[in-house]
Amino acid sequence: MKIARVLVSCTFAATAIASPGTPVKLSVGTATVSLAAPSGTPSQLASGILYGVPFNGTSIETTIPSHFFTDIGFNLLRSGGAAFTEPNRGYSWGVSEYYGRFDAALSNYRTARSYGADYIRLPHDLWGIDFAPKVMPGANGDWTSYDQFLTQLIGDIKINGMTDGLIWDIWNEPDGAGFWTGTMELYYELWARTYALIRAELPSTPITGPSIAFGPSASNPWFIGWAAFVGTNGSVPDIYSWHNLAGSEDPKVTLDYFDNTIRANNGLPQKPIHINEYGPYDYQTPQETAWLISRLERLNMVGVRANWAKGGSNWQALFNYLANLLGPQTGSPYYGAGEWWLMKYYASMTGLRVATTSSTDQVLEVFATRPTSGIGAHIMTAARGSTSPYTIQVTGLEALGLSSGTIQKRAWGFPYNGVFGEVDGPIDYGVETHMVTGGSFSFDVYPSTSLNYAYGFDLSV
Ligand SMILES: *[C@@H]1O[C@H](CO)[C@@H](O)[C@H](O)[C@H]1NC(C)=O
Ligand SMILES: *[C@@H]1O[C@H](CO)[C@@H](O)[C@H](O)[C@H]1NC(C)=O
């Protein structure tokens, strides 16, 4: 079912003038956009995808039309060949069960590279840890088959020329029962062995980890233990990584704990950070995604969109639909679901990033860019789990050449039509004129009662 745009009325007002009989809604908080405070060139930090790309033998796969990738600034794929059944359960079931998974990962790698995207390799998938009963590397102190596995995999990577844009993710979610059933000590041993071998054999390949399911916190012994281990062991990764998958999780909170407590306590250096799975299962809507993207951009964290394979019994949905950004679930042609259009707007935000603040209650988030010259801006916003009115205050227009006068603001809505639900495009709420004084103006946002919308605003003179 398509969204019927005509049913959606304009929910924005430039001023506080209420219609007769309409109660005045008071703004409960203010987010800010500082156009005079640039913070670097935008690079769509959160345009990565987990799985979500079909296979074609070992070749580039072209079933999903290329514009669905390029329009959203697709720049990072995290994949490995999970979920294949017998006779492709992975190396732990014998080398003959490894090739099918390797070939699938090679096809994914080539497709990613055809778009210039980097590729995060997931060796745990090639080992086949997703399959039950689980065979743990190093079980009973015997590392022979795991060492042979790494040797095979590294050799195949070299033979197939897979080193450009490659990132090695040592082991996914050691704290999650789905991917590790051994002790922490066994995991540390796997970490150190793998780290040493990758450094020796693929010295220019960045290593990432620990890719733990829950972010750093005082109640996460896996993260704390891992940090202490790599600190003393001298096996700190090039990119720290963890997931942001619990409903209330906040990358700012986990990053603060990581920087101020975990790194500080263990003397660990600062490195880039990947949230290499973001988006809780029940929250993958334009609203939550815009909130998370805004957060990741401000914190300079790279994001890979989580993939919940919402295809139900059709596990191959895991390797399609760009992690639920597209539909329909069966047949073709493809169309964009609600968040695909949000990601497209996000990718159109070129020029310069600018400093922003969320509302003090952290509910209204904003991400904003401005052109490198001239007067204008793009602002993406969403109120996390709220339908209360909020204010966005834009300052610094004088630095762009507009101290006073008028500015035009076109407003867009990004609706949600369910998982795989077709959306034809953003809702165009039209243009309003605002008065600028002292290089500043503000306007109110009235989030949709459906709780799922994100919004975009384009400023121009
Ligand atoms: C699969 O790969 C072959 C080359 O090996 C190519 O000719 C074909 O177009 C590809 N098919 C799809 C659907 O991408
Ligand atoms: C790191 O851990 C591995 C595995 O336990 C061990 O072999 C190696 O000696 C350790 N390195 C250092 C510097 O402690």
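These numbers were taken from a predicted model, which means no experiment stands behind them.

Attention now moves to the overall build of the chain. The number of helices and strands found in the chain is 10 helices and 19 strands. Taken over the C-alpha trace, the chain has a radius of gyration of 23 Å; the compact-globule value for 461 residues is 23 Å, and the two agree within 12%. Considering only C-alpha atoms, the chain reaches an extent of 75 × 50 × 40 Å along its principal axes. A fraction of 77% describes how many contacts in the chain between residues 6 or more apart in sequence connect residues 24 or more apart. Per element, the accessible surface of the chain, about 17300 Å² overall, is 54% carbon and sulfur. Computed over 26 positive and 37 negative side-chain charges, the inter-centroid distance for the chain is 4 Å.

The environment of ligand 1 is formed by N56, S59, I60, E61, T62 and T63. In the model, an oxygen atom of ligand 1 is placed 2.4 Å from a nitrogen or oxygen of the N56 side chain. Here T62 contributes a side-chain N or O atom positioned 2.6 Å from an oxygen atom of ligand 1. Coverage of ligand 1 by the protein amounts to 43% of the 360 Å² it exposes when considered alone. Counted by class, the shell around ligand 1 contains 1 nonpolar, 4 polar and 1 charged residues.

Strand-to-strand pairing in sheets goes through backbone hydrogen bonds, with the strands running parallel or antiparallel. The mixed open sheet is built from 9 strands, whose spatial order is β17-β16-β19-β14-β13-β12-β1-β15-β18. Every interior strand has two partners, whereas the edge strands, β17 (427-436) and β18 (441-445), have only one. Each strand of the sheet is rotated relative to its neighbour by a mean of 25 degrees, with strand direction disregarded. The sheet contact formed by strand β1 (residues 30-38) and strand β12 (residues 352-357) spans 4 bridges and is antiparallel. Bridged to P38 within β12 is V354. Strand contacts of helix α10 (residues 338-347): β13 (364-370), β14 (376-383), β16 (405-414) and β19 (454-460), with the helix running at about 145 degrees to β14, the strand carrying the most contacts.

Looking now at the domain arrangement of the chain. Looking at the chain, the domain boundaries give domain 1 (30-42 + 351-460) and domain 2 (48-347). Centre-to-centre separation of domain 1 and domain 2, based on C-alpha positions: 32 Å. In this assembly, 37 residues from domain 1 lie in contact with 33 residues from domain 2. Its largest share of buried area at the contact with domain 2, domain 1 owes to M380, R384 and F420, together 32% of the area lost on that side. Put simply, domain 1 and domain 2 have 4 salt bridges between them. Where R298 meets E365, a salt bridge forms, and the shortest distance between an N and an O atom there is 2.6 Å. For the pair domain 1 and domain 2, the number of links is 21 residue pairs in polar contact (both at pLDDT 80 or more). Where the side of domain 1 that touches domain 2 is concerned, the elements lending two or more residues are β12, β13, β14, β16 and β19. Its residues assigned to classes, the side of domain 1 that touches domain 2 shows 19 nonpolar, 12 polar and 6 charged.

For the rest of this paragraph, the subject is helix α6 (residues 221-233). For α6, spanning 13 residues, the distance from its first C-alpha to its last is 18 Å, which sits close to the expected 18 Å at 1.5 Å a residue. Among the residues making up α6, those that are buried are W222, F223, G225, W226, A227, F229 and V230. If you follow the buried residues of α6, they end up packed against α5 (184-201), β6 (207-212), β7 (239-244) and α7 (251-266). Following α6 by one or two positions, G234 has its phi on the positive side, about 70 degrees.

This brings us to the pairing of β13. Along β13, 7 of the 7 residues are buried, which leaves the element largely enclosed by surrounding structure. Going residue by residue along β13, you find L364, V366, A368 and R370 tucked away on one face and E365, F367 and T369 tucked away on the opposite face as well. Relative to β13, β12 runs antiparallel, the two being bridged by 2 bridges. Bridge assignment links R353 to a residue of β13, and that residue is T369. Two successive antiparallel strands, β12 and β13, enclose a turn made up of 6 residues, where Q362 displays a positive phi of approximately 70 degrees. Inspection of the sheet shows β13 paired to β14 by 6 bridges, in the antiparallel sense. Bridged to L364 within β14 is A383. Counted along the chain from β13 to the antiparallel partner β14, the turn is 5 residues long, and its residue G374 has a positive phi close to 95 degrees.

A pair of packed helices is characterised by two quantities: the angle between their axes and the separation of those axes. Close contact between helix α8 (residues 286-299) and α10 brings their axes to 9 Å; oriented N to C, the two are set at 30 degrees. By the angle between their directions, the pair α8 and α10 is classed as roughly parallel. The crossing of α8 and α10 is right-handed. On the side of α8, the interface is formed by P286, T289, A290, I293 and E297, while α10 contributes G338, E339, L342, M343 and Y346.

Before going further, it helps to examine α5. A rise of 1.5 Å per residue sets the reference length of α5, with its 18 residues, at 26 Å; its end C-alpha atoms lie 26 Å apart and thus fit the reference within 8%. Contacts made by the buried residues of α5 are with α4 (144-159), β5 (166-169), β6 and α6.

With that out of the way, let us pick up the site of ligand 2. As a matter of local geometry, ligand 2 sits amid E189, A192, F229 and N233. A distance of 2.9 Å is found between an oxygen atom of ligand 2 and a side-chain nitrogen or oxygen belonging to E189. N233 is positioned such that a nitrogen or oxygen atom in its side chain is 2.3 Å from an oxygen atom of ligand 2. For ligand 2, whose free accessible area comes to 360 Å², the fraction covered by protein is 40%.

Bringing the packing of α5 against α6 into the picture now. As a packed pair, α5 and α6 sit with axes 11 Å apart at the nearest point and diverge in direction by 40 degrees. With respect to α6, the axis of α5 lies oblique. When the axes of α5 and α6 are compared, the crossing they make is right-handed. For the pair α5 and α6, the contacting residues are M184, Y187, Y188, W191 and A192 in the first and P221, W222, G225, W226, F229, V230 and N233 in the second. Residue composition of the contact of α5 with α6, by class: 10 nonpolar, 2 polar and no charged.

Scoring rules and cut-offs
- Residues numbered from 1 in each chain as written.
- Chains lettered and ligands numbered in written order.
- Predicted model: local features only at pLDDT ≥ 70, side-chain atom pairs only at ≥ 80, totals over all residues.
- Heavy atoms only, no water.
- Helix = DSSP H or I, 4+ residues; strand = E, 2+ residues; numbered from the N terminus.
- Rg over C-alpha atoms; globule rule 2.2 N^0.38 Å.
- Contact = heavy atoms within 4.5 Å.
- Areas by Shrake-Rupley, 256 points an atom, 1.4 Å probe, with all protein chains shown as cover.
- Lys, Arg positive; Asp, Glu negative; His and termini not counted.
- Charge placed at Lys NZ, Arg CZ, Asp CG, Glu CD.
- Near = heavy atom within 4 Å.
- Polar contact = N/O pair within 3.5 Å; in protein donor to acceptor, adjacent residues only side chain to side chain.
- Nonpolar A, V, L, I, M, F, W, Y, C, P; charged D, E, K, R; others polar.
- Pairing = 2+ DSSP bridges.
- Axes fitted to C-alpha atoms, helices over the stretch in contact; angles between N-to-C directions.
- Domains from an automatic or database assignment.
- Buried area = accessible area lost by both parts, 1.4 Å probe.
- Salt bridge = Lys/Arg side-chain N within 4 Å of Asp/Glu carboxyl O.
- Expected span 1.5 Å × (residues − 1).
- Buried < 20%, exposed > 50% of the residue type's maximum accessible area, 1.4 Å probe, protein only.
- Parallel < 35°, antiparallel > 145°, perpendicular 65-115°, else oblique.
- Left-handed = near helix turned anticlockwise from the far one by under 90°.

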